[in-house]
Structures are given as structure tokens and as C-alpha cells.
Amino acid sequence: MTELFKLIEVKCPNCGKLKNINIPEAVFSQKKFGTIKIQIPINAVCSEHQFIAFVDTKGIIRGYERIDIQMTALSPEAEREALGRLNLRNLIKVFGLYGIFSLIHAKIFNYPSYVIKDDNFEYTENLLNSVGDNILPETYQGSKSIHILEEPNVNKIKVKDKDALIMDVSQNIYQTPWETKLKFEEEIVRKALDIIDEQEQLKLLQQHISKFISEVHYAISILQDFNQIYDDELIDKISKALSIKKISTYRLNLIKKFISRNVSKEIVKKIKNRVGEFLSLV
Ligand SMILES: [Zn+2]
């Protein structure tokens, strides 16, 4: 099968470097998903920066998002040794950094994920789900939410879940059912990659996610005592209860999202926004 390509001009959002790159025609012939995210790894356009390009079905670039993680190169021996193992580094090779952030986000916030495989893809659905489980605390394991799609034609894909993450193994992301920037996921992946031991990398991801979920549990226990509470008060209470630095509004929004997607939408309604209330009075 000959694969047709379309040449599009891509511009590094960091330094403005321009380069034409080939994108498979099939990516654009899909009309189902509209704008898709294409991951541009280091050296594809720019030797220093990697990013995501938002491309519409006509091949026009609608925007960019930067990815700030620098992956240090392994020595050739270490590279050879790590080959074929299911570790973070190899997963990033397959899915791209943004693909991994997305899969982690989907796992934490309970969205189903669909991966369109190609002939070279060697991981099974069970294996991917067990890695996904490994980064979650035990109570949230076992959802088997990652699905592999054998159908290579994007237009023929049938996915029942409207709120699914849909991506392929060529670093194209067709659908992300969220608007959130994946800053939390980027941060924990960056920290994990700083560690050389590959077993420890996944463990570290799990530790960061568990820490986040313990904040969620504190938030829920605080919310049980209130009919309603302002967001800034809740931030103070969570931070004090856990003796941690004051959590950010972004973090609180993640906590709210976790509760509403994994526990209950009703509990989240107790949290009032002081700014929002003020604005509605003006
Ligand atoms: Zn650049």
C-alpha cells in the first residue's frame, strides 16, 4: 500500500524555525474529528524544541503548544539494553511525550483511551492496561480503559464513547475530550525522566499521582462538613491539613475534576468561586 503524504510548513513556536514536513494524507482525509494534534518531536523541525501542531482537515495549522521536556540521550549501550522493554522511555518513543501525558490524564480522570495500532505495534491491550494500573493507587486500578483498535482507516473507526481519547501510534492525536492543559502530567513525567532507574520511573509517577489523590481525599472529607465552601478556603484547608505549600488554583481545578469524574458531580457543586460571585454582582 502506497501511503500518500501532504507537505505542510511547520514553524517552531519557540524560535520560529521553518521546515516542510510530510504528514500522511490519511490524517487529513478524516473528517470525523476535525482539528487533530500532531506531535513534532525534536529534530523534525527544530533541533532544540518539540511541540504539538493543531492541524485542520485542510492541512492548515491552527495553533501550536510547546512541550518543555528535554529528554537526555542514553548511551548507545544503555539504549540497546533498554530496547523492547516496557518502560517510560520506550512508551514515549511509541506515543510521543504529549501522547503519554494524554494517556496519563485519561487514566487519572477516567476517560477511555483508544489507540489505533499499526503492524509494528507490539504491545497488547492487557499489557498497556497493566502499566496504566501501575501508576494508580490500588483502589482506582482495574478499569481496563485502554483499547487497541485494529482498523487502520480512521474514517471507519467506530467509538461509542463521546468522551474518549483517540490517538494512533504515529504520534497523531485525533480527539482529546478535555480542554485542560496537561501541566501536571508534564511535570510528573519530567521528574520521572530525571531518574535513571526505569523501574523507579513508573513508581515515581505513581507516587506523584497518589499524592494528588490524597489531596482529593482530604478535599472530599472537608467537603462533607460543609454545605458550601469558597475555593480559596478549601485551598487553605487542604494545604493546612497536609502541611504542604498552598496548592494552586490549577491544582484545585484538577482536584475538582477528579472528584466529578471519579466520585460524584454533586460534591463538587459545594465549591463556590469567590471571583465568579463577585463578577456576577458587578
Ligand atoms: Zn525551535
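Nothing here was measured: the structure is a model prediction, and the numbers come from that model.

J.: Describe the domain arrangement of the protein chain, with residues and values.
T.: Quoted interface sizes are often the accessible area lost when the parts come together. Domain boundaries in the protein chain define domain 1 (1-68) and domain 2 (208-281). One C-alpha centre belongs to domain 1, the other to domain 2, and the line joining them spans 37 Å.

J.: How would you sum up helix α5 (residues 183-193)? Please name residues and give values.
T.: An α-helix turns once per 3.6 residues; consequently, residues spaced three or four apart project the same way. Within the sequence span of α5, burial applies to Phe 184, Glu 185, Glu 186, Ile 188, Val 189, Ala 192 and Leu 193. Where α5 is buried, its residues contact β5 (61-67), α3 (88-108), α6 (198-224) and α8 (249-263).

J.: Which residues make up the sheet that holds β5, and what values do they have?
T.: Pairing is mixed in the open sheet, where seven strands are placed in the order β5-β4-β3-β9-β8-β6-β7. A strand with exactly one partner marks an edge of an open sheet, and here the two such strands are β5 and β7 (146-149). Each adjacent strand pair in this sheet contributes to an overall mean axis angle of 25 degrees, direction not counted. Summarising the sheet, strand β6 (residues 113-116) and strand β8 (residues 165-168) pair through four bridges and their orientation is parallel. Along β8, the bridge assignment pairs Ser 113 with Leu 165.

J.: Tell me about the coordination of the zinc ion, and name the residues and values.
T.: The coordination sphere of the zinc ion contains the protein donors Cys 12 (SG), Cys 15 (SG), Cys 46 (SG) and His 49 (ND1), at a distance range of 2.1 to 2.3 Å. Considering all four donor atoms around the zinc ion, the spread of angles at the metal, 102 to 119 degrees, places the coordination shape in the tetrahedral class. One chain supplies every donor for the zinc ion, spaced along it as C-x2-C-x30-C-x2-H. One end of the pair, Cys 15, is in the loop between β1 (5-11) and β2 (18-24); the other, His 49, is in the loop between β3 (36-40) and β4 (50-55), and 34 residues separate them in sequence. A residue is classified by how much of its surface remains accessible, and His 49, at 19% relative accessible area, is buried.

J.: Could you give an account of the pattern of salt bridges, naming the residues involved and the relevant values?
T.: In this structure the tally under the stated criterion is twelve salt bridges. For the salt bridge of Arg 190 with Glu 186, the shortest nitrogen-to-oxygen distance reads 3.6 Å. With a gap of four residues between them, Arg 190 and Glu 186 both fall in helix α5, about one helical turn apart. Residue Arg 190 is classed as partly exposed on the basis of its relative accessible area of 33%. Given the relative accessible area of 13%, Glu 186 is considered buried. Two residues, Arg 274 and Glu 233, come together in a salt bridge whose shortest N-O distance is 3.7 Å. One end of the pair, Arg 274, is in helix α10 (residues 274-281); the other, Glu 233, is in helix α7 (residues 231-241), and 41 residues separate them in sequence. Owing to a relative accessible area of 37%, Arg 274 belongs among the partly exposed residues under this scheme. Classification of Glu 233 by relative accessible area gives partly exposed; the value is 30%. Overlapping salt bridges, with partners in common, bring together Asp 232, Glu 233 and Arg 274 in one network.

J.: So, the packing of aromatic side chains: which residues are in play, and what are the values?
T.: Centre-to-centre distance and the angle between the planes together describe a pair of aromatic rings. The tally for this structure, following the rule as stated, stands at eleven aromatic pairs. Relative to Tyr 174, the ring of Phe 33 has its centre 5.8 Å away and its plane inclined at 50 degrees; by these criteria the two rings are tilted. Separated by 141 residues along the polypeptide, Phe 33 in the loop between α1 (25-29) and β3 and Tyr 174 in strand β9 (residues 172-175) bring together distant segments of the chain. Looking at Tyr 174, the relative accessible area reads 4%, which means it is buried. Look at Phe 184 and Phe 212: their rings are 5.3 Å apart centre to centre, the planes differ by 45 degrees, and that puts the pair in the tilted class.

J.: Kindly report on the side chain of Asn 172, identifying the contributing residues and their values.
T.: Among the structural elements, Asn 172 can be located in strand β9. With residues near it in sequence (within four places) discarded, Asn 172 still touches Val 27, Ile 36, Lys 37, Ile 38 and Met 167.

J.: So what about the environment of Ser 113? Which residues, and what values?
T.: Mapped onto the elements, Ser 113 comes out in strand β6. For the pair Ser 113 and Leu 202, spaced 89 residues apart in sequence, the C-alpha separation works out to 19 Å. Among residues more than four places away in sequence, those in contact with Ser 113 are Leu 103, Ala 106, Ser 145, Ile 146, His 147 and Leu 165.

Cut-offs used in this document
- Residues numbered from 1 in each chain as written.
- Predicted model: local features only at pLDDT ≥ 70, side-chain atom pairs only at ≥ 80, totals over all residues.
- Heavy atoms only, no water.
- Domains from an automatic or database assignment.
- Buried < 20%, exposed > 50% of the residue type's maximum accessible area, 1.4 Å probe, protein only.
- Helix = DSSP H or I, 4+ residues; strand = E, 2+ residues; numbered from the N terminus.
- Contact = heavy atoms within 4.5 Å.
- Pairing = 2+ DSSP bridges.
- Axes fitted to C-alpha atoms, helices over the stretch in contact; angles between N-to-C directions.
- Donors = N, O, S within 2.8 Å, 3.2 Å for Na, K, Ca; no water.
- Tetrahedral: all angles 85-135°; square planar, octahedral: opposite > 155°, others 65-115°.
- Salt bridge = Lys/Arg side-chain N within 4 Å of Asp/Glu carboxyl O.
- Phe/Tyr/Trp six-rings, centres within 6.5 Å; stacked < 30°, edge-to-face > 60°.

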